[in-house]
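Below, each chain spelled out in residue letters.
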Amino acid sequence: MSLLNSVTSWLFRRRSSGWGGFRMYGANTEFNNYGDYKTKVNAILSNPALLKVFALQCDLFSLGRIEVVQTVNGKEKVIMDDPALEIFTNPNLFQTKSQILWDIMFWNMVGNAYIYLDSDIATNMDNKMYCLDASKIEFPIELKQMMDKIILSKASEKAIMDQTITYRYSDGTSISFPLSRLITISDLTNGIGNWLKSPSRIDALYKVISNTEAALDATNINTRFSGKFMVAGTTDANDVNRLMLSKDEREDIEDKAQGPREVYGVKSLVEVKRFVEDIGALKLDETYRSAYFTIANMYGIPKEVAEAYLEGSTFENQEKATGRHVAYTLEPKGEDIGARIAKRFKYNLDNKKIRISWNHLMFMQVFRSEQAKANKIIADTFKVLLDQGVELQEVNEFLGTKFQTGEKNANPSIINQPVTNAA
């Protein structure tokens, strides 16, 4: 039993009704427990705030471009016709590159992305790649017993990779394959008791998600009741002449309240009240917004990016925020996926690697502009240092550059002038 489950079992008791909810001892507040993959997926697809964060992250990730890069003499060269590109272009019968990248990020955000790669040969044109539904994977007991052990020998490694995994379809049939065909990409750490399974951030968000669901339910109820009115005659327990309304009187008031006339004459004063006086005072929309930003923050999405997707507004630093998000959150995941697939293809033997790049997208151009400005500063500093008589080797060491040629400015008036733009 994991640490999370142990603590959960101690603090909470499960309810028999609902879809896996639990209640804290001595409290009335109820929250959902997303303890399995199916329940997590149901929570994602039924909660607008959580689904919007997932869609945002997956949409951005699916825009990535697959590149194969080979290092030759210390320089990287992009290989445009590498056979490994085909497995991403046509991963399987049902998906394209963007769709499988979307799926990989989706399941990774759930906790673990399990990628099935049929062949270890990059040139195999019949190769297939799928991102599997984690809820349908069945690991054998023998494998589970080894998943917290340190593996040091090749024999033990082979014994693990030869273990048979079962993937069970919805109709009850299944397919089996060795673990060696499965690539596991963990969202958080896989080093707390199971090398093949990572904890899920959704487990830490269950209160936020539940609060969002409660706010949406309250909005729904209040919206329905906002169109309803309570109409009644005035009564006084101390006045025998002002008795409770009879059934006929109630029906007469209801008919008049919904009638087409603008003015009605009544024997006594009639009081009209809304069921919901001020829905805005409940601030239910703020609860949804707060939950959305909390969930986005949990998945490393900057507020500027999350806010732009929520309201469609633009900010001066929106492109920088999106680019920063790609650099700090998406690119590391892309490198992990590319490295795992490249290892299966034994690309490391040829100094090749597979990566996912977003540099072709418009919001990444702001970084190119900043890089160009930085390069110009370096170039200007390089020129000034040479003009001051600093040797080429010393300039390269100072600036971290690798220039092999460089000439001093022929204008002697510049020589020995103080350096003003040195980095």
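Residues numbered from 1 in each chain as written. Predicted model: local features only at pLDDT ≥ 70, side-chain atom pairs only at ≥ 80, totals over all residues. Heavy atoms only, no water.

*Asks:* Talk me through the overall build of the protein; I want residue IDs and the actual numbers.
*Replies:* Along the protein, the regular secondary structure elements total 15 helices and 14 strands. The buried share among the 423 residues of the protein stands at 34%. For the protein, the proportion of contacts with a sequence separation of at least 24, taken over those separated by at least 6, is 62%. For the protein, the accessible area works out to roughly 26,100 Å², and carbon and sulfur atoms hold 53% of it. (Helix = DSSP H or I, 4+ residues; strand = E, 2+ residues; numbered from the N terminus. Buried < 20%, exposed > 50% of the residue type's maximum accessible area, 1.4 Å probe, protein only. Contact = heavy atoms within 4.5 Å. Areas by Shrake-Rupley, 256 points an atom, 1.4 Å probe, with all protein chains shown as cover.)

*Asks:* Would you mind going over the sheet that holds strand 5 (residues 75–79) in detail, with residue names and values included?
*Replies:* Taken together, three strands build an open sheet; the order of strands is 5-4-14 and the sheet is antiparallel. Edge positions in the open sheet fall to strand 5 and strand 14 (352–357), since each of these has one partner strand only. In this sheet, neighbouring strand axes are inclined to one another by 40° on average, regardless of whether the strands run parallel or antiparallel. Strand direction decides the pairing type here: strand 4 (residues 65–72) and strand 14, joined by six bridges, are antiparallel. By the bridge assignment, Val-69 is partnered in strand 14 with Lys-353. (Pairing = 2+ DSSP bridges. Axes fitted to C-alpha atoms, helices over the stretch in contact; angles between N-to-C directions.)

*Asks:* Now, about unusual backbone geometry: what can you tell me, with residues and values included?
*Replies:* One non-glycine residue, Lys-346, lies in positive phi territory at about 60°. Mapped onto the fold, Lys-346 is located in the loop between helix 13 (318–344) and strand 14. In this structure, Asn-351 takes a positive phi of about 55° despite not being glycine.

*Asks:* How would you sum up the pattern of salt bridges? Please name residues and give values.
*Replies:* Two side chains that carry opposite charge are able to pair once their charged atoms sit near each other. Evaluated as defined, the whole model comprises 15 salt bridges. Notably, a salt bridge pairs Arg-168 with Glu-138, separated by 2.7 Å at the nearest N-O pair. Pair noted here: Arg-168 is in strand 9 (residues 164–168) and Glu-138 is in strand 8 (residues 137–138), with a separation of 30 residues, a long-range link. Taking relative accessible area as the criterion, Arg-168 reaches 33% and is therefore assigned partly exposed. With relative accessibility at 34%, the residue Glu-138 sits in the partly exposed group. As a salt-bridge pair, Asp-380 and Lys-376 come within 3.0 Å of each other at their nearest N and O atoms. With Asp-380 and Lys-376 both in helix 14 (residues 365–387), this residue pair falls four residues apart, about one helical turn. Among the residues examined, Asp-380 registers a relative accessible area of 33% and is labelled partly exposed. (Salt bridge = Lys/Arg side-chain N within 4 Å of Asp/Glu carboxyl O.)

*Asks:* Please provide a residue-by-residue account of the side chain of Arg-344, values included.
*Replies:* Structurally, the position occupied by Arg-344 is in helix 13. Since its relative accessible area comes to 12%, Arg-344 is described here as buried. A polar contact is formed between the side chain of Arg-344 and the backbone oxygen of Arg-181, at a distance of 3.5 Å. In contact with Arg-344, other than residues within four places in its own chain, are Leu-117, Ser-119, Asp-120, Ser-180, Arg-181, Leu-182 and Ile-183. (Polar contact = N/O pair within 3.5 Å; in protein donor to acceptor, adjacent residues only side chain to side chain.)

*Asks:* Residue-level account of the packing of helix 3 (residues 48–62) against helix 5 (residues 97–110), with values.
*Replies:* In a pair of packed helices, the angle between the axes and the distance between the axes together describe the arrangement. At a closest axis distance of 8 Å, the pairing of helix 3 and helix 5 adopts a crossing angle of 135°. Viewed along their axes, helix 3 and helix 5 adopt a mutual orientation that is oblique. As for the relative orientation of helix 3 and helix 5, their crossing is right-handed in sense. In this structure, helix 3 uses Val-53, Phe-54, Ala-55, Gln-57, Cys-58, Asp-59, Phe-61 and Ser-62 to contact helix 5, whose residues at the interface are Lys-97, Ser-98, Leu-101, Trp-102, Met-105, Phe-106, Met-109 and Val-110. (Parallel < 35°, antiparallel > 145°, perpendicular 65-115°, else oblique. Left-handed = near helix turned anticlockwise from the far one by under 90°.)

*Asks:* Talk me through the sheet that holds strand 7 (residues 129–132); I want residue IDs and the actual numbers.
*Replies:* Within the open sheet, the three strands sit side by side as 7-6-11. Their pairing is antiparallel. Because the sheet does not close on itself, it has two edges, and the strands there are strand 7 and strand 11 (182–186). Across the sheet, the axes of successive neighbouring strands diverge by a mean angle of 25°, strand direction being ignored. Where strand 6 (residues 112–117) and strand 11 come together, five bridges link them in antiparallel fashion. Considered in strand 11, the bridge of Ile-115 is made with Ile-183. In the packing of helix 13 onto the sheet, contacts are made with strand 6, strand 7 and strand 11, and the angle to strand 11 comes to roughly 160°.

*Asks:* Give a description of the pairing of strand 10 (residues 174–178) that names residues and reports values.
*Replies:* Both strand 9 and strand 10 contribute to a ladder of five bridges, which runs antiparallel. Across the sheet, the residue bridging to Tyr-167 is Ile-175, located in strand 10.

*Asks:* Would you mind going over the pairing of strand 4 in detail, with residue names and values included?
*Replies:* Bridge count for strand 4 against strand 5 is five bridges, and the pairing is antiparallel. Paired with Gln-70 across the strands is Lys-77, a residue of strand 5. With antiparallel pairing between neighbouring strands as the criterion, strand 4 and strand 5 make up a hairpin whose turn holds two residues, including Asn-73 at a positive phi of roughly 55°.

*Asks:* Account for the nonpolar core, naming residues and giving values.
*Replies:* Formed by 73 residues in total, the largest nonpolar core has its most connected members in Phe-54, Trp-107, Ile-341, Phe-345 and Ile-354. Beyond its immediate stretch of four places on either side in the chain, Phe-345 contacts Ala-84, Ile-87, Leu-117, Ser-119, Asp-120, Ile-121, Ala-122, Asn-127 and Ile-354. (Core = buried A, V, L, I, M, F, W, Y, C linked by side-chain atoms within 4.5 Å.)

*Asks:* Lay out the environment of Ile-337 in plain terms, naming residues and giving numbers.
*Replies:* One can find Ile-337 in helix 13. Residues Ile-337 and Thr-184, spaced 153 residues apart in sequence, show a C-alpha to C-alpha distance of 8.9 Å. Residue contacts for Ile-337: discarding those within four places in its chain leaves Phe-61, Ile-104, Ile-115 and Ile-185.

*Asks:* Quick rundown of the packing of helix 2 (residues 37–46) against helix 5? Include the residues and the values.
*Replies:* Interaxial distance between helix 2 and helix 5 falls to 10 Å at its minimum, and their mutual angle equals 110°. Classified by the angle between their axes, helix 2 and helix 5 sit roughly perpendicular to one another. The element helix 2 and its partner helix 5 pack so that their crossing is right-handed. The residues of helix 5 that touch helix 2, namely those facing Tyr-37, Lys-40, Val-41 and Ile-44, are Phe-106, Trp-107 and Val-110. Of the residues assigned to the contact of helix 2 with helix 5, the class counts are six nonpolar, no polar and one charged. (Nonpolar A, V, L, I, M, F, W, Y, C, P; charged D, E, K, R; others polar.)

Limitation: the analysis is restricted to geometry and does not speak to function.
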